[in-house]
There are 2 protein chains.
Amino acid sequence: MGTERTRRRIPDATVSRLPVYLRILGEQADEGVESISSDRLAELAGVNAAKVRKDLSYLGSYGTRGVGYEVAYLVYQIRRELGLTHDWPVVIVGAGNLGQALAGYNGFGERGFPVAGIVDVDPAKVGTVLGGVRVRAIDELPQIVQSRRVSIGVVATPASAAQDAAELLVQAGVTSILNFAPVVLNVPAGIETRKVDLAVELQILSYHEQRRTTTAAGAAGGAPKSASA
Amino acid sequence: MGTERTRRRIPDATVSRLPVYLRILGEQADEGVESISSDRLAELAGVNAAKVRKDLSYLGSYGTRGVGYEVAYLVYQIRRELGLTHDWPVVIVGAGNLGQALAGYNGFGERGFPVAGIVDVDPAKVGTVLGGVRVRAIDELPQIVQSRRVSIGVVATPASAAQDAAELLVQAGVTSILNFAPVVLNVPAGIETRKVDLAVELQILSYHEQRRTTTAAGAAGGAPKSASA
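What you see is a predicted model; the values in this text were computed from it and never measured.

**Some words on the overall build of chain A**
- If you tally the helices and strands in chain A, you get nine helices and nine strands.
- Counting over 229 residues, chain A shows a buried share of 48%.
- A sequence separation of at least 24 residues applies to 54% of the contacts in chain A between residues at least 6 apart.
- For chain A, the computed accessible surface area is about 11,200 Å², with 50% contributed by carbon and sulfur atoms.

Listed below in structure tokens is the structure:
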């Protein structure tokens, strides 16, 4: 437990669960809860307790037997690990339906990701105000990124324009991209991308609905057998 | 290759990749491509070719050596497997910023998930028109679900109202829920849920940005060592 920590790489799966723990711990703190067991945190997060303990061990946090983890300190540790001790301004490319939706979505700013700017290629959209932010011309992207120290870009263009948008973001100096367009972006090594595709999520649900219907029609119910082939 | 297929459960990870393949195949078909190799499909989807072949084998599709897969037939097979041979109307609960954004997002309807209705508990919002759909009172939920045969509900409420919204959806007869609220929903067995949390995706990016900054400041670069503890 020295004062210097070696920063080691945390597995991606753990990184993706840390925001979930953080949100739960925040809610617990709001309710006056001061310490929490891995069992309880696991239950609220919908994962198993051994996984919670393993995940938190990457932060150097081990809890105390019979007491659990101190909520406030764990919140501090996760926020520090996730880089949430300061704001990360984001820039949105694309002021269509989706870009408008995102610019007007309070969730970004509230959670440390204020919208520093929104740009569009369409001159008709430039100058309009979305969610309190004026749409600017795509040419202004480098200036927004530099003056507001933006490292995260959001691609909210149609699929056909997304690759161009990503390249402009990278040229402007952005190093992480959240992509809402239904395409896989080609980006240089070292640029992080995450993809959100709402239709994919719905198609996964329709798979289960479809299965439910055909199973109900053809079988007498009961647990599905596991495939042996 | 009989005419009857036994429906077997496809692994969740495969189900989550099928929509990605479907989108790519649609684009290839639009460009006049008639057959595609697993290597090419893998490259476009950002996964490895062995995984593509394994995924498609669950559909009973094996391709032809030296030729690949017939695009049109593969599109048909995936759409059938995902239940996309007909529309799945969805109902949105919550007409705040996010619900408005979703109701106005063309992507839902275009991809087979038309918005059958949007409801809110707030009388001030009822009657307003969002994305062409009039906001209705929450009491009308069962009627919308039944008359429009809705099986997928979308929770777009604040976190504090999400569990109530999910329960109302389930009572109304919905069996799948797409949840945008930053909470884990408790639902009865047999109800499918998928979660989209935009802040989580951003927090994962900020982890990488944070790591980039501290690594650049403290080290001379090079590949990170794997943790040995």
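**What to know about the interface of chain B and chain A**
- Each partner contributes to the interface: chain B provides 65 residues, whereas chain A provides 63 residues.
- Both sides together, the interface formed by chain B and chain A hides about 6,400 Å², and carbon and sulfur atoms give 61% of it.
- On the surface where chain B and chain A come into contact, there are two salt bridges.
- A salt bridge links Arg194 of chain A to Glu201 of chain B, with the nearest nitrogen and oxygen atoms 2.7 Å apart.
- At the surface where chain B touches chain A, the tally comes to 18 residue pairs in polar contact (both at pLDDT 80 or more).
- Taken together, the elements giving at least two residues each to the side of chain B that touches chain A come down to helix H1 (12-30), helix H2 (38-45), helix H4 (71-82), helix H5 (97-103), strand S8 (176-179), strand S9 (192-195) and helix H9 (198-218) of chain B.
- Take the side of chain B that touches chain A: its biggest share by element is 16 residues, from H9 of chain B.

**Concerning the relation of the copies chain B and chain A**
- Of the two same-sequence chains, chain B is brought onto chain A (RMSD 0.0 Å, axial shift 0.0 Å) by a rotation of 180 degrees. On the angle and the small slide along the axis, the relation comes out as a two-fold axis. Among all residues of chain B, the minimum C-alpha distance to the rotation axis is found for Ala101 of chain B, at 2.2 Å.
- Mapped onto chain A, 97% of the interface residues of chain B are again interface residues, and the two copies thus contact each other with one and the same surface.

**Quick word on empty space enclosed by the protein**
- Per the counting criterion, the structure on display carries one cavity of 30 Å³ or more.
- There is about 90 Å³ of room inside the largest cavity.
- Residue lining of the largest cavity: Leu98, Ala101, Leu102, Tyr105, Phe180 and Leu198 of chain A together with Leu98, Ala101, Leu102, Phe180 and Leu198 of chain B, and that is the complete set.
- Those elements that provide at least two residues to the lining of the largest cavity are helix H5 (97-103) of chain A together with H5 of chain B.
- Among the residues forming the lining of the largest cavity, the class breakdown is 11 nonpolar, no polar and no charged.

**Quick look at the nonpolar core**
- By size, the foremost hydrophobic cluster in this structure holds 102 residues, and its most contacted members are Ile78 of chain A together with Ile78 of chain B.
- In contact with Ile78 of chain B, not counting residues within four places along its chain, are Leu18, Tyr21, Leu22, Leu25, Leu56 and Leu59 of chain B.

**Points about the sheet that holds strand S4 (residues 115-120) of chain B**
Residue and element names in this part refer to chain B.
- Read across the sheet, seven strands follow the order S5-S6-S4-S3-S7-S8-S9 without closing on themselves; strand pairing throughout is mixed. Two strands lie at the open edges of the sheet, namely strand S5 (129-130) and S9, each paired on one side alone.
- Running at roughly 165 degrees to strand S7 (residues 152-155), helix H8 (residues 159-172) makes contact with strand S3 (90-93), S7 and S8 of the sheet.

**Comments concerning the sheet that holds strand S3 (residues 90-93) of chain A**
All names here are of chain A.
- Reading across the sheet, the seven strands line up as S5-S6-S4-S3-S7-S8-S9 and stay open at both edges, with mixed pairing between neighbours. Of all strands in the sheet, those bounded by a partner on one side alone are strand S5 (129-130) and strand S9 (192-195).
- One ladder, built from four bridges, connects S3 with strand S4 (residues 115-120); its direction is parallel. Its bridge partner being in S4, Ile92 is matched across the sheet by Ile118.
- Across the face of the sheet, helix H8 (residues 159-172) comes into contact with S3, strand S7 (152-155) and strand S8 (176-179) while running at roughly 165 degrees to S7.

**So, the environment of Ile78 of chain A**
Residue and element names in this part refer to chain A.
- Structurally, Ile78 is set in helix H4 (residues 71-82).
- Residue classification places Ile78 among the buried positions, given a relative accessible area of 0%.
- Here the alpha-carbon distance between Ile78 and Leu22, two residues 56 residues apart in the chain, equals 6.6 Å.

Procedures and definitions
- Residues numbered from 1 in each chain as written.
- Chains lettered and ligands numbered in written order.
- Predicted model: local features only at pLDDT ≥ 70, side-chain atom pairs only at ≥ 80, totals over all residues.
- Heavy atoms only, no water.
- Helix = DSSP H or I, 4+ residues; strand = E, 2+ residues; numbered from the N terminus.
- Buried < 20%, exposed > 50% of the residue type's maximum accessible area, 1.4 Å probe, protein only.
- Contact = heavy atoms within 4.5 Å.
- Areas by Shrake-Rupley, 256 points an atom, 1.4 Å probe, with all protein chains shown as cover.
- Buried area = accessible area lost by both parts, 1.4 Å probe.
- Salt bridge = Lys/Arg side-chain N within 4 Å of Asp/Glu carboxyl O.
- Polar contact = N/O pair within 3.5 Å; in protein donor to acceptor, adjacent residues only side chain to side chain.
- Least-squares fit on C-alpha atoms with pLDDT ≥ 70 in both.
- 1 Å grid on protein atoms, 1.4 Å probe; cavity = no way out; pocket = protein on both sides within 12 Å on 5 of 7 lines; lining within 4 Å.
- Points joined across faces, edges and corners; volume = space filled by probe spheres on them.
- Nonpolar A, V, L, I, M, F, W, Y, C, P; charged D, E, K, R; others polar.
- Core = buried A, V, L, I, M, F, W, Y, C linked by side-chain atoms within 4.5 Å.
- Pairing = 2+ DSSP bridges.
- Axes fitted to C-alpha atoms, helices over the stretch in contact; angles between N-to-C directions.

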